[in-house]
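# A closer look at the structure
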Amino acid sequence: MNWLWVTFSKLIILSIFLASNAFAGGLEVSRQNNMILFSKDRTVDFTTRQTTSSVKDNVFSGGSTVIKKLNLMAASFKSDYSDSISYAFEMYEPMSSVLQYPAAVQVKALLRTQALALTGKYNISNSPFGVIAGLRQVTIKRSTLNVANGAGDMITTPENEYGFIMGASYEMPEIALKVLLTHSPAIDFTLPITVANTATAKQAEMTTLEFETGIAENTLLYGSIHQSAWGSAQIKLAGTQISTFTDSEKYNIGVGRKFNEKLSGSISYTTEAGSSATGTSLLSPTNGTDTYGLGLKYSADFGDLTFGYALSSFGDKAVTSGGATGNFTNNDATTVGLKLSFKMP
C-alpha cells in the first residue's frame, strides 16, 4: 500500500502547515515537514499560506483586530542519496508575531524569522526502523517591540543561531504505516535592541510524534502530537521577563481519501488547550485554539497542486492591564494555503 502514501503525502503536509497557527503557547507558526523524508519521489515543493485573524476585545483593541494578517512561504527539496539514505533541504518561517494594538495602547510585537534546515533519514538494513538527524539555522529578523513602558518602539538587530533535530522512524509498507518521532532542543538568542540594550529569546524545545496509516481502500488516517516547552522560552528585556508563554500540546487527527486517479481530499481537526482564561499581558490575548481543516489535491503529469482551508476558533480570555480588563471573546481566524509540488527526474 505504499502507493497510498504517495497519493496523500503532499495533501497531509499542507494540512499540517495550515494547522500550525501559533496563538496559545508561544511564537511558533510552522515547523519542519520531516514526513517528506518518506516520499519516494525526488521533488521540489513551494507552499504559501495566508492567515486572517479577528482578535478583538471591548477595551484595548479599538474595534480592530490586534493580530494582523500573516503571510508565510516555505520551500523544500527532497531526494535520495541511496536506497537507505534520503535527505531534504527546507526553508520556512518557524516563529512570527504580528500583534499590534492601536497607537494609544502602545503595545506591539512585530517579529519575523527564517529557518534553513538540512535533514536526513537512514533506514536500518533489514529493519522497519530508521534514524533521523539534521541541522538548522534560525534567523530572527529586524523586529519591533513596544510594551507600554514609556520606552516607545524598541528595534532589534537581526541575529541567527543554530540547532539540531534527532529522531527515529518506523515503517510497515503493507498497510502504509509510517511513524516519525523527532526532538529539537531549544535555541537561545541574544538580541541587541535599542533602549533596553539587550533582549533574550528562544525557539522552544519541541517533541513531535507523527503517523499515517491505511485504514481502508483509498483511505488514510493521519495524526500528530506536538509538544513545545514555551514556558521555558520567555522573552526578556535587560533580564526582565515581558512574555507569559506557556507549555503547549497540539493534537492533530485527519482522514485522507482518494476519489480517483487525479483527485484526493482530506479533513482534519487540530486542538491546542489553553492555559488560563485570565491574564495580565496584552501580548497573549487568546486561550487555546481549535482548528478544522479541508484539503484538496489535483495530480497532473508535472506534479501536484494542493489547496487547503482552515478555520480556527480561539478560547476566550480576560486580560487585565493598567487597571482595566479587556474581554477577548468569540475570536477566530481563517487560513488558506496553496502547495505546488514538482516531480524531478
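In the block above lies the structure referred to throughout.
Below is a summary of the structure that appears in this document. (Residues numbered from 1 in each chain as written. Predicted model: local features only at pLDDT ≥ 70, side-chain atom pairs only at ≥ 80, totals over all residues. Heavy atoms only, no water.)

### Some points on the packing of aromatic side chains
Quick note on the threshold: In this analysis, rings of Phe, Tyr and Trp, with Trp reduced to its six-membered ring, are considered paired at centre separations within 6.5 Å, and the interplanar angle assigns stacked below 30 degrees, edge-to-face beyond 60, and tilted for intermediate values. For every residue, the accessible area (1.4 Å probe, protein chains only) is compared with the maximum for its type, and the residue is labelled buried under 20%, exposed over 50%, or partly exposed between those bounds. Numbering of helices and strands starts at the N terminus; helices are DSSP runs of H or I of at least 4 residues and strands are runs of E of at least 2.
Enumeration according to the criterion identifies seven aromatic pairs in this entry. Judged by centre distance (5.9 Å) and plane angle (85°), the rings of Tyr 87 and Phe 89 are edge-to-face. Judged by its relative accessible area of 24%, Tyr 87 falls in the partly exposed class. For the ring pair Phe 302 and Phe 342, a centre distance of 5.9 Å and an interplane angle of 40° mean the geometry is tilted. Here Phe 302, found in the loop between strand 20 (289-299) and strand 21 (303-314), pairs with Phe 342, found in strand 24 (residues 332-343); they are 40 residues apart in sequence, far enough to count as distant. Residue classification places Phe 342 among the partly exposed residues on the basis of a relative accessible area of 31%. Put simply, the rings of Phe 46, Phe 302 and Phe 342 touch in pairs and so form one group of aromatic residues.

### Some thoughts on unusual backbone geometry
Positive phi outside glycine occurs at Asn 126, with the angle close to 55°. Locating Asn 126 in the fold gives a position in the loop between strand 5 (107-123) and strand 6 (129-140). Using a relative accessible area of 83% as the deciding quantity, one classes Asn 126 as exposed. Even without a glycine there, the phi angle at Ala 238 is positive, about 50°. Relative to the elements of secondary structure, Ala 238 occurs in the loop between strand 15 (236-237) and strand 16 (240-241).

### A closer look at the sheet that holds strand 15
As a reminder of what qualifies: Pairing between strands is defined by DSSP: at least two bridges between the two strands are required.
In space, the four strands of this open sheet follow the order 11-12-15-16, with antiparallel pairing throughout. The open sheet has two edge strands with one neighbour each: strand 11 (187-193) and strand 16. As defined by bridge partners, strand 15 adjoins strand 16 across two bridges and the pair is classed as antiparallel. In the strand pairing of strand 16, Leu 237 is matched with Thr 240.

Keep in mind these numbers describe shape, not what the thing actually does.
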